[in-house]
Amino acid sequence: MPTVQTNDGTNIYYEEHGEGRPLVMIHGWGFSGRFFQRNMKYLAEHAHVITIDLRGHGNSDKPDHGYHVPRLARDLYDIFVQLNLQDVTVLGWSLGCPVIWSYLELFGNERLRQAIFVQQTPKQYYNFDWKYAHASCYDDASFQYMKAQVQLDTAHFDQNQINTIISTDLSKEERNMLLTEMAKTPTFARVAIMADHTRYDWRDFLPHINLPSLVLVAQKDSVFDWRGPAWVGEHIPNAKTVFFENSSHALFMDEVEKFNETVLRFMSGMIK
C-alpha cells in the first residue's frame with residue numbers, strides 16, 4: 001500500500017489518480033478517503049487527485065498518540081513534502097476543514113494554491129454568541145454521551161452515521177464498503193480526535209486567511225445548521241460560497257455532478 005511516513009514515524013495511506021495540478025482531498029471524522037469514491041473517476045480526468053486517510057483512520061497507522069488537529073496538520077505537511085506536491089488545491093470535508101485551518105495557521109500558504117472547505121462550522125459548541133453548533137455534540141455533556149455511544153455500540157453508531165450524513169440511496173455493496181471503512185478507525189482514536197477537535201473555535205482565525213477559497217454548504221444537513229458552514233464563507237476574505245440545496249452532510253455524495261463541476265470550475269479559475 002502506498003504510504004508516507006510522517007516525522008513521528010506514522011504511516012499515512014494515500015491513493016492517487018489522474019494527472020495535472022494536485023487536488024488533495026481530506027475526509028471527515030471516522031471516515032476515510034474512500035468516501036470520495038463517487039467523485040474520484042471524474043475528477044481524475046482533469047486533475048491529479050490524491051485522497052489520504054488521516055492517522056487512526058482507514059488504512060493509515062493507528063498509533064496511541066497524535067490525535068490532535070495540529071498533529072493532523074503536520075501530517076498533511078509531511079505528505080506534501082514527501083510527495084513533492086506544489087501548487088495544491090486542498091479540499092477538506094468536515095474535520096478536514098480544521099486540519100487545513102491549522103495547516104494555514106502553522107505553515108501559511110506553503111505549497112498551496114487554493115482551498116475548498118466542505119460543510120464545517122467554525123465552532124462546534126453552543127454558547128451565548130454562537131447558535132450554529134453541532135446537532136449532537138454541542139457541549140461537554142453531549143460529547144460524553146457521544147463518546148459512550150461510540151464505545152458501547154460502535155456498529156450501531158456507524159449505521160446511524162451513514163443514515164445521517166447521506167440522503168441519497170446507497171446500494172448494499174456501497175453501504176457495506178463505507179461501514180467497513182468506518183470500522184477501521186478504533187474507538188480510542190475516534191474519541192481522542194473528537195475530544196480535541198470539537199472544542200476549537202476558529203472564528204478569530206478565518207478572517208486572516210489570504211488563500212483563494214471556496215466554501216461548499218449543504219442546506220439539508222442534520223449535522224450542522226447550514227448557517228454555520230455559510231459563516232465560514234462570509235468571513236474568509238474574498239471566499240466564494242456555493243450552496244447545495246438537496247444535500248446532507250456528505251454533499252459530494254448527494255449532489256455528485258454539481259460537486260465535481262464546482263470543484264473543477266474553481267480549480268480552473270472559472271469561479272473567482
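Each value, and the rule that gives it
Residues numbered from 1 in each chain as written. Predicted model: local features only at pLDDT ≥ 70, side-chain atom pairs only at ≥ 80, totals over all residues. Heavy atoms only, no water. Helix = DSSP H or I, 4+ residues; strand = E, 2+ residues; numbered from the N terminus. Buried < 20%, exposed > 50% of the residue type's maximum accessible area, 1.4 Å probe, protein only. UniProt positions renumbered as here; feature names shortened; annotations may be inferred. Polar contact = N/O pair within 3.5 Å; in protein donor to acceptor, adjacent residues only side chain to side chain. Contact = heavy atoms within 4.5 Å. Salt bridge = Lys/Arg side-chain N within 4 Å of Asp/Glu carboxyl O. 1 Å grid on protein atoms, 1.4 Å probe; cavity = no way out; pocket = protein on both sides within 12 Å on 5 of 7 lines; lining within 4 Å. Points joined across faces, edges and corners; volume = space filled by probe spheres on them. Nonpolar A, V, L, I, M, F, W, Y, C, P; charged D, E, K, R; others polar.

Under an unreviewed UniProt entry, the name given to the chain is Pimeloyl-ACP methyl ester carboxylesterase, and the source organism is Priestia endophytica DSM 13796.

**Looking at unusual backbone geometry**
Phi is mostly negative for residues that are not glycine, and the peptide bonds are mostly trans. In this structure, Asp87 is a non-glycine residue whose phi angle is positive, near 60 degrees. Mapped onto the fold, Asp87 is located in the loop between α2 (69–82) and β5 (88–93). Positive phi values are uncommon outside glycine, yet Gln119 reaches one of about 55 degrees. Structurally, Gln119 can be placed in the loop between β6 (112–118) and α4 (140–152). Classification of Gln119 as buried rests on a relative accessible area of 0%.

**Quick notes on the UniProt feature "domain: AB hydrolase-1" (unreviewed entry) in the chain**
Look at the UniProt record and you will see "domain: AB hydrolase-1" (unreviewed entry) annotated at residues 22–255. The span residues 22–255 shows a helical share of 40% and a strand share of 15%, and its end C-alpha atoms are spaced 22 Å apart.

**Examining the side chain of Gln120**
Mapped onto the secondary structure, Gln120 falls in the loop between β6 and α4. A relative accessible area of 3% places Gln120 in the buried class. At 3.3 Å, the side chain of Gln120 and the side chain of Gln124 are in polar contact. Other than its neighbours up to four places away in sequence, Gln120 contacts Ser94, Leu95, Cys97, Pro98, Trp101, His197, Phe224, Gly228, Pro229 and Val232.

**Considerations on the pattern of salt bridges**
Should the charged atoms of two oppositely charged side chains come close, the side chains can pair. The tally for this structure, following the rule as stated, stands at 15 salt bridges. For Asp78, the salt bridge goes to Arg74, with nearest N and O atoms at 2.8 Å. Of this pair, Asp78 and Arg74 both sit in helix α2, 4 residues apart, which is roughly one turn of that helix. With its nearest N and O atoms 3.0 Å apart, the salt bridge here joins Asp87 to Arg113. Pair noted here: Asp87 is in the loop between α2 and β5 and Arg113 is in strand β6, with a separation of 26 residues, a long-range link. Residue classification places Asp87 among the partly exposed positions, given a relative accessible area of 35%. Under the relative-accessibility criterion, Arg113 is labelled partly exposed at 36%. Several salt bridges converge on common partners, so that one network encompasses Asp8, Arg55, Arg71, Arg74, Asp75 and Asp78.

**A few points about the environment of Arg74**
For Arg74, a relative accessible area of 27% translates into the label partly exposed. As a C-alpha pair, Arg74 and Asn7 span 67 residues in sequence and 8.5 Å in three-dimensional space. Apart from residues lying up to four places away in sequence, Arg74 is in contact with Asn7 and Phe107.

**A closer look at the layout of surface pockets**
In this structure, the largest pocket occupies an estimated 410 Å³ of space. Surrounding the largest pocket, 26 residues form its lining, His134, Ser136, Met146, Phe157 and Gln161 being those nearest its centre. Elements that contribute at least two residues to the lining of the largest pocket include exactly α4, α5 (154–165) and α7 (187–197). Element by element, the count of residues in the lining of the largest pocket is highest for α5, at 6 residues. Here the lining of the largest pocket is composed, by residue class, of 12 nonpolar, 13 polar and 1 charged.

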